[in-house]
Amino acid sequence: METQIGNDSEYAASLLRQGQLVAIPTETVYGLAANALMPSAVLDIFRVKGRPAFDPLIVHVDNPDRISEYATHIPDEAWALAERFWPGPLTLVLQKATCIPDEVSSGLDTVGLRMPDHPITLELLKRTGFPLAAPSANPFGYISPTTAQHVHDQLQGKIPYILDGGPCRVGVESTIVGFEKDGPVIYRLGGLTVEDIRSVVPAVGMRVNASSDPRAPGMLKSHYAPRIPLFLGDVESLLSEHAGKRIGMLVFSDRHVSATPVEALQVLSPSGDVNEAAGRLFSAMRVLDNSGVDVVLAETVPDEGLGKAINDRLRRAAHCE
């Protein structure tokens, strides 16, 4: 199969109507999309990604009103969050309607719903008339793609079409919020900050630990793992520990880049802006993963705003000895 890259949303819609997979752009990362109401197409997502069948998928919609089509028992807080942040990098985990196949929810009685903030994908959703199940468009566990070329590099020959919407603006996946008996809970940190969520639902809780039995998409620890071992900590100390190796380095800003020469260096934000750093994170990790070094040494970023999501992804990518 030859994988094409283009911007023909009607062609992409026709493929999706036939039950085929299409990579789509969003403001967060590129997604691998299928008709969410067609179980055979949904299963192809798991096959192409090599994704565990127990890891549920996010369903993308084109309008907040669609929530009531695909979910039931919707809390007032969910409507308030959707009204404030959709379209945008927010996924709501709700009790699923009967039309959502178990293949999408991995057998759970909940489904993650999101309205992406990208004009091409919103147009595509309107053309298809059905929701799209779409995890990140990469082999399971590897670095998420933020350009059409990233998708092509990883999935060429496995899908027919990549809908090119340019580089992703946010660069990290959506924040996921669920609703339990004691109220709203953040399951995954992402492109919407904790402070943003709390501006609408002040009493939101946190439950973002990696899990082998995920309650929502993106909770598995094996997400975001590069091929080259990545060590997270104080980069100066890490340099001493890995002396004699070919070293790549991933740092937040120019503030304390070591004078010690390294084979590859990626600075997420020379000015120290966590929003810029989030947008560059996965691309920088990908460059270092293809640089031929032995190890990548990385530091955390300020744990505020989108910095919390960046640090979450770095911790999941870090090598465990």
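Higher on the page you've got the structure.
This section reports on the structure supplied with the text. (Residues numbered from 1 in each chain as written. Predicted model: local features only at pLDDT ≥ 70, side-chain atom pairs only at ≥ 80, totals over all residues. Heavy atoms only, no water.)

The next subject is the pattern of salt bridges. For the structure on display, the rule yields 17 salt bridges. Asp289 is paired through a salt bridge with Arg227; the nearest N and O atoms lie 3.9 Å apart. Placement of Asp289 in helix 10 (residues 274-289) and of Arg227 in the loop between strand 12 (205-206) and strand 13 (230-232) is noted, with a sequence separation of 62 residues between them. For Asp289, a relative accessible area of 5% puts it in the buried group. (Salt bridge = Lys/Arg side-chain N within 4 Å of Asp/Glu carboxyl O. Helix = DSSP H or I, 4+ residues; strand = E, 2+ residues; numbered from the N terminus. Buried < 20%, exposed > 50% of the residue type's maximum accessible area, 1.4 Å probe, protein only.)

On to the packing of aromatic side chains. Geometrically, a pair of aromatic rings is defined through the distance of the ring centres and the angle of the planes. Taken as a whole and judged by the stated rule, the model has one aromatic pair. Centroid distance Tyr11 to Tyr161: 4.9 Å. Interplanar angle 85 degrees. Geometry classified as edge-to-face. One end of the pair, Tyr11, is in helix 1 (residues 9-17); the other, Tyr161, is in strand 9 (residues 161-163), and 150 residues separate them in sequence. (Phe/Tyr/Trp six-rings, centres within 6.5 Å; stacked < 30°, edge-to-face > 60°.)

This brings us to the sheet that holds strand 16 (residues 295-298). The sheet built from four strands is open, its strands ordered 13-16-14-15 with parallel pairing. Across the chains shown, the open sheet's two edge strands, defined by having one partner strand only, are strand 13 and strand 15 (264-267). Direction aside, neighbouring strands of the sheet carry axes that sit 20 degrees apart on average. The pairing of strand 14 (residues 247-251) with strand 16 spans four bridges and is classified as parallel. Each residue of the ladder has a partner; that of Gly248, found in strand 16, is Val296. Contacts from helix 10 reach strand 14, strand 15 and strand 16, with the element oriented near 180 degrees to strand 15. (Pairing = 2+ DSSP bridges. Axes fitted to C-alpha atoms, helices over the stretch in contact; angles between N-to-C directions. Contact = heavy atoms within 4.5 Å.)

This brings us to the packing of helix 1 against helix 6 (residues 119-128). Where helix 1 contacts helix 6, the two axes come as close as 9 Å, and the packing angle between them is 50 degrees. For the element pair helix 1 / helix 6, the angle class is oblique. As for the relative orientation of helix 1 and helix 6, their crossing is right-handed in sense. Across the interface between the two elements, Ser9, Glu10, Ala12, Ala13, Leu16 and Arg17 of helix 1 pack against Glu123, Leu124, Arg127 and Thr128 of helix 6. A per-class count over the contact of helix 1 with helix 6 returns four nonpolar, two polar and four charged. (Parallel < 35°, antiparallel > 145°, perpendicular 65-115°, else oblique. Left-handed = near helix turned anticlockwise from the far one by under 90°. Nonpolar A, V, L, I, M, F, W, Y, C, P; charged D, E, K, R; others polar.)

The next point concerns the pairing of strand 11 (residues 183-188). By the criterion of burial, strand 11 is predominantly enclosed, with six of the six residues buried. Sheet analysis places strand 10 (residues 175-180) next to strand 11, joined by five bridges and oriented antiparallel. Each residue of the ladder has a partner; that of Val177, found in strand 11, is Ile186. Between strand 10 and strand 11, which pair antiparallel and follow one another directly, the connecting turn spans two residues.

Taken N-terminus to C-terminus, the directions of helix 10 and helix 11 (residues 307-317) make an angle of 25 degrees; their axes are 9 Å apart at the nearest point. Looking at the two axes, helix 10 sits roughly parallel to helix 11. Crossing angle aside, the handedness with which helix 10 passes helix 11 is left-handed. Here Val274, Ala277, Ala278, Leu281, Phe282 and Met285 of helix 10 come into contact with helix 11, specifically with Gly307, Ile310, Arg313, Leu314 and Ala317. Considered class by class, the residues forming the contact of helix 10 with helix 11 number nine nonpolar, one polar and one charged.

Bringing the pairing of strand 16 into the picture now. Look at any regular strand and the pattern is simple: side chains alternate between the two faces of the sheet. Residues Val295 and Leu297 of strand 16 are buried on one face, and the alternating residues Val296 and Ala298, pointing to the opposite face, are buried as well. Here strand 13 pairs with strand 16 via three bridges, running parallel. Paired with Leu230 across the two strands is Val296, which belongs to strand 16.

Attention now goes to helix 1. Within the sequence span of helix 1, burial applies to Ser9, Ala12, Ala13, Ser14, Leu15 and Leu16. The inward-facing, buried residues of helix 1 contact strand 2 (22-24), strand 3 (31-35), helix 6, strand 8 (132-133) and strand 9. Two or three places before Glu10, at the start of helix 1, stands the capping residue Asp8, its side-chain oxygen 3.1 Å from that residue's backbone nitrogen. After helix 1 finishes, the residue Gly19 shows a positive phi value of roughly 90 degrees. (Polar contact = N/O pair within 3.5 Å; in protein donor to acceptor, adjacent residues only side chain to side chain.)

Turning to the environment of Ile58, a few remarks are in order. Take Ile58: it is sitting in strand 4 (residues 58-60). Owing to a relative accessible area of 8%, Ile58 belongs among the buried residues under this scheme. Along the sequence, Ile58 and Val111 sit 53 residues apart, while their C-alpha atoms lie 7.1 Å from each other. Apart from residues no more than four positions distant in its own chain, Ile58 is found in contact with Thr91, Gly112, Arg114, Leu132, Ala133, Ala134, Ser174, Ile176, Arg188 and Pro217.

Judged by nonpolar contacts, the single largest core of 94 residues is most densely connected at Leu92 and Leu250. Residue contributions to this core peak at eight residues, all from helix 10. In contact with Leu250, not counting residues within four places along its chain, are Gln266, Leu268, Leu281, Ala284, Met285, Leu288, Val296, Leu297, Ala298, Glu299 and Leu314. Counting ten residues, the second-largest nonpolar core is a separate cluster that includes Val235, Met249, Val251 and Val267. (Core = buried A, V, L, I, M, F, W, Y, C linked by side-chain atoms within 4.5 Å.)

Shape descriptors only; they carry no functional weight alone.
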